[in-house]
Structure formats: structure tokens, C-alpha cells
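Understanding the architecture of this molecule
Residues per chain, in single letters:
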Amino acid sequence: MVCALAVGAVRGFASMSREAVDEVMTAMNHGQADDALRLLDTALRQDPKDAEALNLSCRVFYAEERWDDAIGACEKAVQLAPGNSSYHMWLGRSYGEKAQQVTFVAAYKLAKLIRAEFETAASLDGKNGEALSDLGEYYAEAPAMLGGGYGKAEGIARQLDGFDPMRALDLRARIAEEKKDYVGAETAYRAKISTSHSAAQSWMDLGSFYRRRERWNEMLAAVESGAVAAEHDHGPPLVDGASTLMKAGREPQTAISWMRDYLASNALSQDAPAFVVHARIGILLKQQGDTPGALREFAAARALAKDYAGLPAASTNMSR
């Protein structure tokens, strides 16, 4: 995914040079949100209508969970480059996250914007697998009155079959889960493991499914298989597995160990921002009563992204 995003950034309709984009992407992949924003602020002072700089700013704000800032930057990018599929996709994602924070009435209004952006992204680039997946998930989850429908979602899965079978399987698993066809969902997740030749992320996705079904032993077995598959690079799937354990309230030491392995690796990615990982370790340490350790992790997160909205409110004064 990261490589695809990097290519998409370089192809954008904007004035940023390849070197400037690469520098921002490197900062983003290392979780250095503040550094990335400084570089982007420089680009935007030189050209306030630099659509690529605006889109990348949106993505940094998105990682920092600053939804209003993300929406503002992405809306400007879309206005300046309405033919860019990726820009519409990121705007739709930003609307989607914002919708989870507002009232029902406000979320209802945002849902229409989410669908419009994802549909536009998919229509502009029929091979944008990420945008198609986002649209398919929207169709699977949204009620008919908001343009959703299982048939529409399956149509997207068929489209993905032609060039991205992994995303097609993932979407079919989501469709089956929404339909409460849990046997079908598990079958699709296992097919994804087979198709990916036991890739770490596929195991972690199965583990997350088992968590949602409260099948704890199978969840642990799946994420442990994912960790074994990730041993060669200690990449983002380890963070996904740790997140599953955190949500399940199980094996906190294992979750901490996996996240620390990730932070010490050469596989850092914007898919699992380092500042988010530090914050999650801090949360687990705080739960275990290790206040000094938690404070160190929160400080490490803040050093990378001082405005990260996901930090616990008391992370600066826990020792008081």
C-alpha cells in the first residue's frame, strides 16, 4: 500500500518536485508528522495552490486524527485537481472518520459526501484498488437509504477480481460479515491467507475477525501465526496484531513486544505511524501501572507529532 501511495503522490497534478515529495514521504513513513508538515508548509508558502502538498497535508492530519484539518486540506486539493482519484479517496476517508465523531444527523449528511467521494474516486480510476475497496466497504455497511447494498458491494468485488484478488477476497469477507454469514466470512479470510501464501497481514485480518466473534483461542492462534510470518521484516502487520490483542484485552506484554519490534525495525510505514505505536505502548504500560514508562512513550509520540489527537488527555501530567 505504501508503495502505491508513493507512486500516486508522484503522479499528482501539482508543482512539488519528485525530490520534495520523496522527502515528505520519507518523513511520513518514519512517523515524523511534524517534520512532514514543516516541509509541506514550505511548499504551500511557495505555492498555496499546490494540490499535491495539500493532499499530503491532509494525509498527515488524517494520521494525527485531526479530522477537520484533514477535510479542509483535502477539499482544497480536490477543488484544485478534481480529476485525481487519490485525492477524492482521501477526502472520502476524512469525511468517514469525521462521521464517527458527530451526531446522527450530522453523520447522515456526511454519509452522502463519503459515498460521492468514493464513487468519484472509483470512476476516475477503475484500477485504484484502494478506492474501490473503500467504496465496496461503504456499500456493504451503509443502508439502502444512503446508497448502500450488498449487490453493489459484490459488483465492486467482481471488478477487483480482475486485478486485485486479495482486495476482492477481503471485501467479500466484509460483505459476508455484514450479512451475518460468519462461515462465509471466515472462508473468505482463509482464502485470503492461501492466496497470499500465508502473508502476515492476512493472518492478522483473520485474527481481527475472530476477535469480533469473541473466538479468543482462535484469535490468539491467528495473530501468533501472523507474527511468525512477520518475523523477517517486523512490519506493520505486527502493529495490527497488537491492536487486536489490545481491543480484546489479552496478552498485553505480547502486544508491547510486537510494537517494540516494529519500532526497532527498518519497516516503519505510514500505515502504522510511529507516534501512534508509541502512544499505544504508553496506554498499555499505564494500564499495568508503569507510569514512568508510559510517560516516556507518550513523550516519544509527542516528539514526532506534537498535535496528535489520539494521545490520552492526561498523558502530560500523569505523574502529578
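Scroll up to find the structure.
Remember, predicted model here, so these are calculated numbers, not experimental data.

For the rest of this paragraph, the subject is the nonpolar core. Met16, Tyr138, Leu206 and Phe275 are the most contacted members of the largest nonpolar core, which totals 100 residues. Ignoring any residue separated from it by four or fewer positions in sequence, one finds phenylalanine 275 in contact with Gly31, Ala33, Ala63, Glu64, Ala301, Leu304, Ala305 and Tyr308.

The geometry of helix α4 (residues 51–63) relative to helix α6 (residues 85–99) is characterised by a closest axis approach of 10 Å and an angle of 30° between their N-to-C directions. Taken together, the axis directions place α4 and α6 in an arrangement best described as roughly parallel. The handedness of the crossing between α4 and α6 is left-handed. Here α4 contributes Ala51, Glu52, Asn55, Cys58, Arg59 and Tyr62 to the contact with α6, which in turn contributes Ser86, Tyr87, Trp90, Arg93, Ser94 and Glu97. Residues of the contact of α4 with α6, tallied by class, amount to 5 nonpolar, 3 polar and 4 charged.

Moving on to the state of the cysteines. Considering all chains together, one arrives at 1 disulfide under this definition. A disulfide bridge connects cysteine 58 with cysteine 74, and the sulfur atoms are separated by 2.1 Å. Given an S-S torsion of about -90°, the disulfide between cysteine 58 and cysteine 74 has left-handed geometry. Taken as a pair, cysteine 58 in helix α4 and cysteine 74 in helix α5 (residues 67–80) lie far apart in primary sequence, 16 residues in all.

A word on the environment of glycine 207. One can find glycine 207 in helix α12 (residues 200–212). Excluding residues within four positions of it along the chain, glycine 207 makes contact with Met219, Ala222, Val223 and Thr244.

Counting across every chain of the model gives 6 aromatic pairs. Considering the side-chain rings of phenylalanine 209 and tyrosine 210, the 5.7 Å spacing of their centres and the 45° angle between planes classify their relative orientation as tilted. As far as burial versus exposure is concerned, phenylalanine 209 and tyrosine 210 are alike and both buried. Here the aromatic rings of phenylalanine 275 and tyrosine 308 are separated by 5.0 Å at their centres, their planes lie at 65°, and the arrangement is edge-to-face. Of the two residues, phenylalanine 275 sits in helix α16 (residues 274–287) while tyrosine 308 sits in the segment after α17 (291–304), which places them 33 residues apart along the sequence.

Another aspect to go through is the packing of α6 against helix α8 (residues 129–141). With their axes 10 Å apart at the nearest point, α6 and α8 run at an angle of 35° to one another. Read as a crossing pair, α6 and α8 show a hand that is left-handed. On α8, the residues that touch Ser85, Met89 and Arg93 of α6 are Glu130, Ala131 and Asp134. Grouping the constituent residues of the contact of α6 with α8 by class yields 2 nonpolar, 1 polar and 3 charged.

A few words now on the side chain of asparagine 84. With respect to the secondary-structure elements, asparagine 84 resides in the loop between α5 and α6. Among the polar contacts made by the side chain of asparagine 84, one reaches the main-chain amide nitrogen of serine 86 at a distance of 2.9 Å.

Below, the discussion takes up the pattern of salt bridges. A pair can form between side chains of opposite charge whenever their charged atoms are brought close. Applying the stated criterion across every chain, the model contains 22 salt bridges. A salt bridge links arginine 66 to aspartate 307, with the nearest nitrogen and oxygen atoms 3.8 Å apart. You can see arginine 66 sitting in the loop between α4 and α5 and its partner aspartate 307 sitting in the segment after α17, a full 241 residues away along the chain. Judged by its relative accessible area of 19%, arginine 66 is buried. Across the pair aspartate 68 and lysine 98 runs a salt bridge whose closest N-O atoms are separated by 2.9 Å.

Conventions and cut-offs
Residues numbered from 1 in each chain as written. Predicted model: local features only at pLDDT ≥ 70, side-chain atom pairs only at ≥ 80, totals over all residues. Heavy atoms only, no water. Core = buried A, V, L, I, M, F, W, Y, C linked by side-chain atoms within 4.5 Å. Buried < 20%, exposed > 50% of the residue type's maximum accessible area, 1.4 Å probe, protein only. Contact = heavy atoms within 4.5 Å. Axes fitted to C-alpha atoms, helices over the stretch in contact; angles between N-to-C directions. Helix = DSSP H or I, 4+ residues; strand = E, 2+ residues; numbered from the N terminus. Parallel < 35°, antiparallel > 145°, perpendicular 65-115°, else oblique. Left-handed = near helix turned anticlockwise from the far one by under 90°. Nonpolar A, V, L, I, M, F, W, Y, C, P; charged D, E, K, R; others polar. Disulfide = S-S within 2.5 Å. Phe/Tyr/Trp six-rings, centres within 6.5 Å; stacked < 30°, edge-to-face > 60°. Polar contact = N/O pair within 3.5 Å; in protein donor to acceptor, adjacent residues only side chain to side chain. Salt bridge = Lys/Arg side-chain N within 4 Å of Asp/Glu carboxyl O.

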